[in-house]
Amino acid sequence: MRGLQPTLIRQFFERALPDSINFGLGEPDLPTPQFLRDEAARIARDEQNGYTSHPGIPALRDKIAEQYPHLDLPRTGVVVTCGSQEAMTDAFMCVVDQGDEVLLPNPSFPAYDACTRIAQGTPVYYRMPADDDFKFDISNFKAGITEKTKAAVVISPSNPTGKIMRPEDLKQIAEALDGTGIWLISDEIYSDLYFGERPHSASEYYDKTIIVSGLSKSLSMTGWRLGWAASKDAAIMEAIQVLHGFTTVCTSTITQKASLLGWSDEAEAAKQHAREVYKKRGEFLVDLFDKELGLRATSPEGAFYTMLDVRSLGDDVEIAEKCLQNRVVTVPGVAFGDEAKGFLRISFCNTEEKMAEGVARMKKAIRG
Ligand SMILES: Cc1ncc(COP(=O)(O)O)c(C=O)c1O
């Protein structure tokens, strides 16, 4: 653990001046839907909430399994975890041994690097080229595979780029991995937040896929800690269940019971609303960067992130620092890998009014 540092995302956020505009953290600002709050309050007040079985309430596991009809999962194919972060850590711990290599996207969420190291593996990166709008490129992916590769990670929609992998990309990955025994860990935490076509899951194309996902982002439930791991592979799910039982026992019973409403008509309407809001905000922000700063930002396809190209202005860490001093929190691209050097990750979990104020402050910081 000594070698692991808090991420640059946290380091910048924690140094924010009072009244800063936050383009930094990837945390939904939309309120948790009222029907979920009411249900959780009712459950806490009226019911006895002891432990659940380690892998979670059967009805909830069934609902999650139904989300992947192509896998035809039994209940045992799902373990409910404390957010998708726990599912991810469990997956890495169960798959990766000392000396194994894990193929990770560059740029990507820094937790993959940390989880690889926690499992005593070695991170190896495949480039999602900045000059091609951070799109997936199978030749880069294949170039990273060696006889030591034990697992690979895909994320779609992506944190930090907001890009979605196309079905062709996922098919190419499945072809490249076919017969190798390499695990694919598919981070689908943003899969309900898309602005065009619904993203495909890597598990549609490759059986040795472990899905990690949850309700945090699509229903603004980050603090509730409802996530899951799901896979067709019975042995890996058994291992994840054992590790999960010894690390957390079960995620909050109140959260699990209330989350049974996470696929109701009301919940689907809330997810649809979130998609519409984030899509509109993304377009607004990208347009504003162009008009106000004369800078290009990637057009988001999902999640709530865009990458602002500040290469013409200099070093991303220095620019993020200048923004921070002008009360705007951003994250330097290098926090996600050297491919994103010269970019800032901007999260649009803010009202248009706040985003306009944030861009005005950035203009001052950058242009003086
Ligand atoms: C890419 C990605 N995966 C996983 C997580 C973890 O989310 P949670 O544990 O709340 O499900 C996050 C949170 O920021 C994320 O951005």
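Refer to the structure printed above.
Residues numbered from 1 in each chain as written. Predicted model: local features only at pLDDT ≥ 70, side-chain atom pairs only at ≥ 80, totals over all residues.

A. Structural view of the site of the ligand. Looking at the ligand, there are 13 residues lining it, with G83, S84, Q85, N159 and S216 nearest. Looking at which element gives the most residues to the shell around the ligand, the answer is helix α4 (residues 83-95), with three residues. When the residues that make up the shell around the ligand are grouped by side-chain class, the tally is three nonpolar, nine polar and one charged. (Near = placed C-beta within 6 Å. Helix = DSSP H or I, 4+ residues; strand = E, 2+ residues; numbered from the N terminus. Nonpolar A, V, L, I, M, F, W, Y, C, P; charged D, E, K, R; others polar.)

B. Structural detail: the sheet that holds strand β8 (residues 227-230). The seven strands lie next to each other as β2-β8-β7-β6-β5-β3-β4, forming an open sheet whose pairing is mixed. Looking at which strands have only one partner, the edges of the open sheet turn out to be β2 (78-81) and β4 (122-127). Neighbouring strand axes in the sheet, compared pairwise and without regard to direction, differ in orientation by 20° on average. Taken together, the six bridges between strand β3 (residues 101-106) and β4 define a ladder with parallel strand orientation. Among the inter-strand pairings, L104 is bridged to a residue of β4, identified as Y125. Sitting on the sheet, helix α3 (residues 58-66) is in contact with β2 and β8, with an inclination near 115° to β2. Of the strands in this sheet, β2, β7 (209-214) and β8 touch helix α8 (residues 234-247), which is tilted by about 25° from β2. (Pairing = 2+ DSSP bridges. Axes fitted to C-alpha atoms, helices over the stretch in contact; angles between N-to-C directions. Contact = placed C-beta atoms within 7 Å.)

C. Summary view of helix α7 (residues 167-177). What α7 keeps buried is the set D169, L170, I173 and L177. All buried residues of α7 project into a common sector of 95° when viewed along the axis, lining one side. Those residues of α7 that are exposed and angled more than 90 degrees off the buried face are P167 and E168. Packing partners of the buried residues in α7 comprise α6 (138-143), β5 (149-155) and β6 (183-187). Of the residues flanking the end of α7, it is G179, one or two places downstream, whose phi is positive at about 85°. (Buried ≥ 20, exposed ≤ 12 C-beta atoms within 10 Å, placed from the backbone. Arc of directions from axis to C-beta.)

D. How the structure looks around the packing of α4 against α8. Interaxial distance between α4 and α8 falls to 9 Å at its minimum, and their mutual angle equals 115°. Crossing hand, α4 versus α8: right-handed. Residue-level inspection shows E86, D90, A91, M93 and C94 of α4 in contact with α8, the latter providing I236, A239, I240, L243 and H244. The class makeup of the residues in the contact of α4 with α8 is seven nonpolar, one polar and two charged. (Left-handed = near helix turned anticlockwise from the far one by under 90°.)

E. Region of interest: the packing of helix α11 (residues 316-325) against helix α12 (residues 352-367). Put simply, α11 and α12 touch, their axes get as near as 9 Å, and they point 120° apart. Taken together, the axis directions place α11 and α12 in an arrangement best described as oblique. Crossing angle aside, the handedness with which α11 passes α12 is right-handed. Counted together, I319, K322, C323 and Q325 of α11 and M362, A365 and I366 of α12 form the full contact between these two elements. Here the contact of α11 with α12 is built from residues that sort into five nonpolar, one polar and one charged. (Parallel < 35°, antiparallel > 145°, perpendicular 65-115°, else oblique.)

F. Representation of α12. The terminal C-alpha atoms of α12, which comprises 16 residues, lie 22 Å apart, in line with the 22 Å expected from a rise of 1.5 Å per residue. The complete set of buried residues in α12 reads M355, G358, V359 and M362. The buried residues of α12 occupy one face: seen down the axis, they fall within an arc of 100°. In this fold, the buried residues of α12 make contact with β1 (21-22), α10 (265-293), α11 and β10 (328-329). G368, located one to two residues past α12, shows a positive phi value of around 80°. (Expected span 1.5 Å × (residues − 1).)

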